[in-house]
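What follows is each chain in one-letter form.
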Amino acid sequence: MHPSAMVNGKLFFDTYGNCADSYDVVEIGSQNVNGSLRDVCPKNVKYIGVDFVVGNGVDVVLTDPYSLPFYADSVDVVVSSSCFEHSEMFWLLFNEILRILKPNGLFYLNVPSNGHYHRYPVDCWRFYPDSGNALVTWGKRSGFNPALLEAYTSMQNQDVWNDYVAVFIKDAGHVHEFQDRMLSKVGGFYNGRLFGREELINPQGATQETMKLFAISGILNGSITVK
């Protein structure tokens, strides 16, 4: 797991993880590859890691990537980091996550917004600032009532990745139960969103990589002076 994914995951648990004395966490894509969200979650949780293969950090091996072996309305928190880009039909998985969450259950999503092609076993998607809203629209069309509490694209951290981070709640009627937001704590981000606010926070059309290329180009053509 790259450094920014671990930092964002810890920030999620620090922000939303103190809402109860104990709760259940299901991680989708839990195989420990250079670190796991399990390492940064509170100690008072029941943590269940699911993946498609046997491996370190995997408690349950899925036979169907779009069917989670949990009862409806039974899970407090679902987390997934660097996994949805490898799901051919992630929107089906999103609905399955909504199914198993309790009405006030949360889904934390971290997925690349840029980066190189990497197959585990396939690499299909990158997420942009409107992706969270699109998933909410899909969830409502499918008969659920989800809400996007917040979303942002984080800055690179010792690696090439810019992470798209989003926090969803299963039922919008429970939004008031969660007052804290990661956006008030995260160091650097762009294209942030908050529930109930239409405009983007720190909007930026160019990716961080593109901005770096602009800077290099400016240096090369003499329009930027380096001291």
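Scroll up a little and you will see the structure.
Residues numbered from 1 in each chain as written. Predicted model: local features only at pLDDT ≥ 70, side-chain atom pairs only at ≥ 80, totals over all residues. Heavy atoms only, no water.

Visitor: When you look at the packing of aromatic side chains in this model, what are you seeing that I'm missing?
Guide: Each aromatic ring pair is specified by the distance between its two centres and by the angle formed by the two planes. Following the criterion strictly, the structure yields 15 aromatic pairs and no others. Measuring from ring centre to ring centre gives 5.5 Å for phenylalanine 90 and tryptophan 125, while their planes differ by 85°; the resulting arrangement is edge-to-face. Within this pair, whereas phenylalanine 90 is found in helix H2 (residues 90–100), its partner tryptophan 125 is found in the loop between strand E5 (101–112) and helix H3 (131–141), the two being separated by 35 residues in sequence. Looking at phenylalanine 90, the relative accessible area reads 12%, which means it is buried. Assessed through its relative accessible area of 31%, tryptophan 125 is described here as partly exposed. When the ring of tryptophan 91 is compared with that of tryptophan 125, the centres are 5.8 Å apart and the planes differ by 70°; the resulting orientation is edge-to-face. You can see tryptophan 91 sitting in helix H2 and its partner tryptophan 125 sitting in the loop between E5 and H3, a full 34 residues away along the chain. Aromatic ring contacts, followed pair by pair, group Phe84, Phe90, Trp91, Phe94, Phe107, Trp125, Phe127, Tyr164 and Phe168 into a single cluster. (Phe/Tyr/Trp six-rings, centres within 6.5 Å; stacked < 30°, edge-to-face > 60°. Helix = DSSP H or I, 4+ residues; strand = E, 2+ residues; numbered from the N terminus. Buried < 20%, exposed > 50% of the residue type's maximum accessible area, 1.4 Å probe, protein only.)

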